[in-house]
Structure formats: C-alpha cells, structure tokens
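Here is how the chains run, residue by residue.
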Amino acid sequence: MGTISSVQAETIMHWFTDRIKNKDYEGFLDLFDEDVVFEFPYAPEALPQLLKGKRALKQHLDMLDTLIEIRSFTKPVIHVSADSPVFIAQYKGSGTVFADGKPYEQKYISVVEVKDGSIVRFQDYWNPLAL
C-alpha cells in the first residue's frame, strides 16, 4: 500500500476543484482510475449514491450541469492519513442552483484514496439541502 504526501493531496484537490469550476471534464476525468468508485453517502433518493467507473462519473457530471453551476471553491484543508494512500479534504463551493436561481453554498468533506497517481475511491460528504 502506497502513501500520499500533503503536497500530492493538495495538488490533486487543486486540479479537482479547478477542473470542475472550469467545466474541464476531460481533464477532471483524467484524475480518476478507470474503475473509480465515487460515493455520495448523503445524496437524496433522486440522485445516485454510488457511481462505478469513469463512464458513470461522466454521466453524473453531465447531469450536474443541468442542476447547478459552481463558480468558486475555497482552498481545501487537507488531512493526510498516516502511512496510507488516503486523505481528507474540507472545502466550500459556491454557485447557483438553476431550478430557482438561488445561491448554491456547499460545504464538502471528501475522503479520497489514490493509487499510482489516480483517484480510485472518492467519498463525497455534502449537504443535500443546499440544492
């Protein structure tokens, strides 16, 4: 099992937030392993709680484009697990909910596992009430 450094985790999250914000989905998907597992433990019934693979993740991104626009993220606070390929990122996102034009203000806690430089598992804890 490999380990990840704070610098590596910060770089991954910088690319993650920058590419989402700029809708660079091809670049965003390059961050992930082909068989990535992406989990949304707090997602409401209308949204998926589990995505398997890049294809499912791409379809999810396309769906999100119809719900919200994210214009900014705060710099994540990174917590690296000792002797592990896992880190935790805490950050906020801001944008607009398309359905009603209201502001989208979200706090995220993400648990990220990396293998050979690619994200293999991403658990995204967010507040569904922000939608």
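Residues numbered from 1 in each chain as written. Predicted model: local features only at pLDDT ≥ 70, side-chain atom pairs only at ≥ 80, totals over all residues. Heavy atoms only, no water.

Colleague: Which parts of the structure should I look at to understand the pairing of strand β7 (residues 118-126)?
Modeller: As a general feature of sheets, a regular strand has side chains that alternate between the two faces. Most of β7 is tucked away, with seven of its nine residues classed as buried. Direction of pairing for strand β1 (residues 32-39) relative to β7: parallel, over a ladder of four bridges. Its bridge partner being in β7, V37 is matched across the sheet by R121. Sheet topology note: the strand β6 (residues 103-115)/β7 ladder contains eight bridges and is antiparallel. Its bridge partner lying in β7, V114 is registered against I119. The turn joining β6 and β7, which pair antiparallel and follow one another in sequence, is formed by two residues; a positive phi near 50° is taken by D116. (Buried < 20%, exposed > 50% of the residue type's maximum accessible area, 1.4 Å probe, protein only. Helix = DSSP H or I, 4+ residues; strand = E, 2+ residues; numbered from the N terminus. Pairing = 2+ DSSP bridges.)

Colleague: Whenever I open this one, the nonpolar core confuses me. Can you help?
Modeller: A general feature of soluble globular proteins is that nonpolar side chains tend to end up buried together. Counting residues in hydrophobic clusters, the biggest one holds 36 residues, and the most contacted among them are F16, F28, F32, F87 and I119. Broken down by secondary-structure element, the contributors of at least two residues to this core are α1 (6-21), α2 (25-29), β1, α3 (54-67), β3 (68-73), β5 (86-97), β6 and β7. The element best represented in this core is α1, accounting for five residues. Once residues lying within four places of it in the same chain are set aside, the contact partners of F87 are I4, A9, I12, M13, I78, H79, V80, S81, S110, V111, V112 and V114. (Core = buried A, V, L, I, M, F, W, Y, C linked by side-chain atoms within 4.5 Å. Contact = heavy atoms within 4.5 Å.)

Colleague: Please explain the confidence of the model for the chain as it appears in this structure.
Modeller: Should pLDDT be low for a region, the predicted coordinates there are not to be read in detail. Averaged over every residue, the pLDDT of the chain is 94; the share at 70 or more is 99%. The secondary structure element of the chain with the lowest average pLDDT is α3, at 94, and the one with the highest is β1, at 98. (pLDDT = per-residue confidence, 0-100.)

Colleague: I keep staring at the side chain of S118 and nothing clicks. Help me out?
Modeller: Inspection of the secondary structure puts S118 in strand β7. Filtering out sequence-adjacent residues up to four positions away, S118 remains in contact with L31, F32, D33 and E113.

Colleague: How should I be thinking about the environment of Q123 in this particular structure?
Modeller: Of note, Q123 is situated in strand β7. Taking relative accessible area as the criterion, Q123 reaches 13% and is therefore assigned buried. As for Q123 and E113, which are separated by ten residues in sequence, their C-alpha atoms are 8.9 Å apart. In this structure Q123 touches E39, I109, S110 and V111, once residues within four positions along its chain are discounted.

Colleague: Explanation requested: the environment of K102 in the structure shown.
Modeller: Among the structural elements, K102 can be located in the loop between β5 and β6. The class of K102 is exposed, set by a relative accessible area of 52%. Sequence separation between K102 and E45 is 57 residues, and the spatial gap between their C-alpha atoms is 21 Å.

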